[in-house]
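Summary of structural features
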Amino acid sequence: MKQSQLFTKTRKEAPADEVSKNAEFLTRAGYIYKEMAGAYAYLPLGICVLEKIKQIIREEMNAVGGQELIMTSLQRKELWENTDRWSDENVDVWFKSKLKNGTEVGFGWSHEEPISEMMKNYISSYKDLPAYVYQFQTKMRNELRAKSGILRGREFVMKDLYSYSLDAEQHEKFYQGVIDAYMRVFERVGLGDDTFVTFASGGAFTQFSHEFQTITDAGEDVIYINRDKKIAINNEVLSDKVLQDLGVTRDELEEVKTAEVGNIFNFGTKKSEQMNLYITDENGEKKYVHLGSYGIGVTRLMGVIVERFADEKGLVWPESVAPFQIHLVSLCSEEADVKKADELYETLTKQGKEVLYDDRIGVRAGEKFADSDLIGIPLRVIISPKTLAQDSVEIKKRNESEAKIIAIDELLK
Ligand code: ATP
Ligand code: MG
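Bear in mind that the values here come from a model prediction, so they are computed numbers and not experimental data.

Per the counting criterion, the structure on display carries 16 aromatic pairs. Ring centres of Y31 and W317 lie 5.6 Å apart, and the angle between their planes is 45°; on these two criteria the pair is classed as tilted. Pair noted here: Y31 is in the loop between α1 (21-28) and β1 (32-36) and W317 is in the loop between α8 (298-309) and β17 (326-330), with a separation of 286 residues, a long-range link. Take Y31 and W317: they sit in the same class, and that class is buried. Taking 5.0 Å as the distance between ring centres and 50° as the angle between the ring planes, the aromatic pair formed by W86 and W94 counts as tilted. There is no split in this pair, since W86 and W94 are both buried. Sitting above the plane of the W86 ring, K96 keeps its charged end 4.3 Å from the centroid. The residue whose ring lies beneath K286 is Y278, and the NZ or CZ to ring-centre distance is 4.3 Å.

Structure below.
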C-alpha cells in the first residue's frame, strides 16, 4: 500500500479525551477512530491487525474441530427469559430495543442461548455429537465505564466458540484441548510468557471457570500467580481452601495487574435442560447435551498487544500481527531515484511481501521516521539518494536501535 494514498494521517498530539496508551497510539497512528466512549471504528491499518489476529484464532479453532458461522446481533427476548438471563438484574450490560410492532429484542452481548436454540435443529442423535461452532461477532454491552480504550468497549469484537458434547468425559477432553489452543493463540500473538490460565469463579457444574489473564498495568483485574508452579488464581476465588486444593501457600503467590483476554466455561447440562436440548443415545434414551462456552476478546487482545510492546515513540507490533511486514521509507525526490524506489516496492510486493510504502514527496526525513516509529511496522527499509549511490538500502528493526546498510540484491534474496 502506498502511504500517499492512505486516507488516514498520523497526529502528533495525543487526543484530549483518551487516557489509555492503546487508544492514544492507535488513534494517533490512524488505526482507530473514536465514535463515542467505548465505540471505535477500525480504519485500514487497524483492520490489517485485526484480521491477522482473527486468522491466528481461526486457525487454532479450526484445528480443534471448530466450524465457523455468524449469528445475528438481534436476539429474541424469550430465549433469554427461558434461562433467566433477560432481566437487567441478572445481566447488567443489555442493550435492548423494540420492533415497530412492540416486540422487544436484545442486542447480542453473548450468544449461548440463540446459538443453542439454532443447534436444536441439527442435534437430535448421539451421532450428531460432538459439535463445535464459533464466530467472530461484534458484541454489544452497556458497560458502566469505558476508559481503557479498546480494552473495554460498549461494542467490541469477540470470538466465541460453543461445544456440544455427549457426556462429561467428551466435554472435558475438548475443554482441555481448548486451553492448549488458547495458549497457542496467545503465544503466536507474542503474549505467551505474560498470559496465565487462571482459576476463576463460574462454571455451572465445576468449581471453576478458567480465565486467560495477561499481565499489564492497563488491565482492570488483579490475579495471584506462581510462575514456577504455573498457577494463577483470581481474587474472586482466592481462599484457604482453594490454595490448599491447588497446593500453594499465599506467600508463594505474587500479585499482578492483568487484563482478561479469554474466558472459558463449562455449563454442564444446566443450560441444555433449561432449553430442552437433548439427544437420543444408542439405547434410545434421552440425554441432555453438555455445553461449553469459550470467549476471546479479539479487540481487547489487540489493545493488550499495544500496551505490552509500545514504547515512548509509538506502536511496536510483533511480526505475527503487524499490519505490514516492511515499511519501505523513500527519501528520494529526483525522478530517477523515485523510479528505483517504486521498482523496489513493486519487486517486494511481487515477492509476496506486505509492504507499506512511504512514497510521499516533500515530507521531511525526520517526520517520515517519526511516523514510521508511531505506526510500528517490524522492519524499516530506507531508500535514499545516498543508499542508492551504493545500490543499497538501510534496514532497521522497530525494536532495535541499530541500522545497517545492505545491498538491494541481498535484501531481495
Ligand atoms: P470483564 O470481566 O472484563 O468485563 P467478562 O467476564 O464480562 O469480561 P466474558 O463474557 O467472559 O467477559 O467475555 C469473553 C471475553 O470477551 C473476555 O474474556 C474479554 O476478553 C472480552 N470482553 C468482555 N467484555 C469486553 C468489553 N466490554 N470490551 C472488550 N472486550 C471484552
Ligand atoms: Mg469473563
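Nonpolar side chains in soluble globular proteins tend to end up buried together. Of all hydrophobic cores here, the largest spans 56 residues; its most connected members are Y31, L301 and W317. When residues in this core are grouped by element, the largest group, 9 residues, is from helix α5 (residues 168-188). Counting contributing residues, this core receives three or more from each of domain 1 (3-309) and domain 2 (326-412). Discounting chain neighbours no more than four positions away, the residues touching W317 are L26, Y31, V49, M302, I305, V306, A322, P323, I375, G376 and P378. Grouped together as the second largest cluster of nonpolar side chains are 18 residues, C332, Y345, V393 and L411 included.

Another aspect to go through is the coordination of the magnesium ion (ligand 2). Looking at the magnesium ion (ligand 2), one finds its protein donor set to be E260 (OE) and N263 (OD1), positioned 2.3 to 2.4 Å from the metal centre. According to the relative accessible area criterion, E260 is partly exposed, its value standing at 21%. A relative accessible area of 15% means that N263 is categorised as buried.

Okay, the sheet that holds strand β21 (residues 403-407) next. Hydrogen bonding along the main chain pairs the strands of a sheet, whether they run parallel or antiparallel. A sheet is described by the order of its strands in space; here 5 strands give the open sequence β18-β17-β19-β20-β21, paired in mixed fashion. Bordering the open sheet on either side are β18 (355-358) and β21, each of which pairs with just one other strand. Averaged over all pairs of adjacent strands, the angle between strand axes in this sheet comes to 25°, irrespective of strand direction. Across 5 bridges, the pairing between β17 and strand β19 (residues 379-383) is parallel. For S330, the partnering residue across the bridge sits in β19 and is I383. This element, helix α9 (residues 335-350), spans β17, β18, β19 and β20 (392-397) of the sheet and lies at about 170° to β18. Against the sheet, helix α10 (residues 365-375) engages β17, β18 and β19, with an angle of about 170° to β17.

Take the site of ligand 1 next. If you check the shell around ligand 1, you find 13 residues, and the closest are R141, E143, R152, G153 and E260. N263 is positioned such that a nitrogen or oxygen atom in its side chain is 3.2 Å from an oxygen atom of ligand 1. Here an oxygen atom of ligand 1 sits 3.0 Å away from a polar atom, N or O, in the side chain of R300. Surface burial for ligand 1 is 82%, taken as the share of its 580 Å² of free accessible area covered by protein chains. Judged by its atoms lying within 2 Å of the grid points, ligand 1 is housed in the largest pocket. Elements that contribute at least two residues to the shell around ligand 1 include exactly β8 (155-165) and β13 (254-268). Counting residues per element, the shell around ligand 1 draws most heavily on β13, which supplies 4 residues. Across the shell around ligand 1, the residue classes tally to 4 nonpolar, 4 polar and 5 charged.

So, on to the layout of surface pockets. For the largest pocket, the calculated volume is near 1100 Å³. In terms of lining residues, the largest pocket is bounded by 47 residues, among which W109, R141, E260, N263 and F265 are the most central. Secondary-structure elements contributing two or more residues to the lining of the largest pocket are β8, β10 (209-215), β11 (221-226), β13, α7 (270-275), β16 (290-297) and α8. With 8 residues, β13 is the largest single contributor of residues to the lining of the largest pocket. Of the residues contributing to the lining of the largest pocket, the split by class is 14 nonpolar, 19 polar and 14 charged.

Calculation criteria
- Residues numbered from 1 in each chain as written.
- Chains lettered and ligands numbered in written order.
- Predicted model: local features only at pLDDT ≥ 70, side-chain atom pairs only at ≥ 80, totals over all residues.
- Heavy atoms only, no water.
- Phe/Tyr/Trp six-rings, centres within 6.5 Å; stacked < 30°, edge-to-face > 60°.
- Helix = DSSP H or I, 4+ residues; strand = E, 2+ residues; numbered from the N terminus.
- Buried < 20%, exposed > 50% of the residue type's maximum accessible area, 1.4 Å probe, protein only.
- Lys NZ or Arg CZ within 6 Å of the ring centre and 35° of its normal.
- Core = buried A, V, L, I, M, F, W, Y, C linked by side-chain atoms within 4.5 Å.
- Domains from an automatic or database assignment.
- Contact = heavy atoms within 4.5 Å.
- Donors = N, O, S within 2.8 Å, 3.2 Å for Na, K, Ca; no water.
- Pairing = 2+ DSSP bridges.
- Axes fitted to C-alpha atoms, helices over the stretch in contact; angles between N-to-C directions.
- Near = heavy atom within 4 Å.
- Polar contact = N/O pair within 3.5 Å; in protein donor to acceptor, adjacent residues only side chain to side chain.
- Areas by Shrake-Rupley, 256 points an atom, 1.4 Å probe, with all protein chains shown as cover.
- 1 Å grid on protein atoms, 1.4 Å probe; cavity = no way out; pocket = protein on both sides within 12 Å on 5 of 7 lines; lining within 4 Å.
- Sits in = over half its atoms within 2 Å of the grid points.
- Nonpolar A, V, L, I, M, F, W, Y, C, P; charged D, E, K, R; others polar.
- Points joined across faces, edges and corners; volume = space filled by probe spheres on them.

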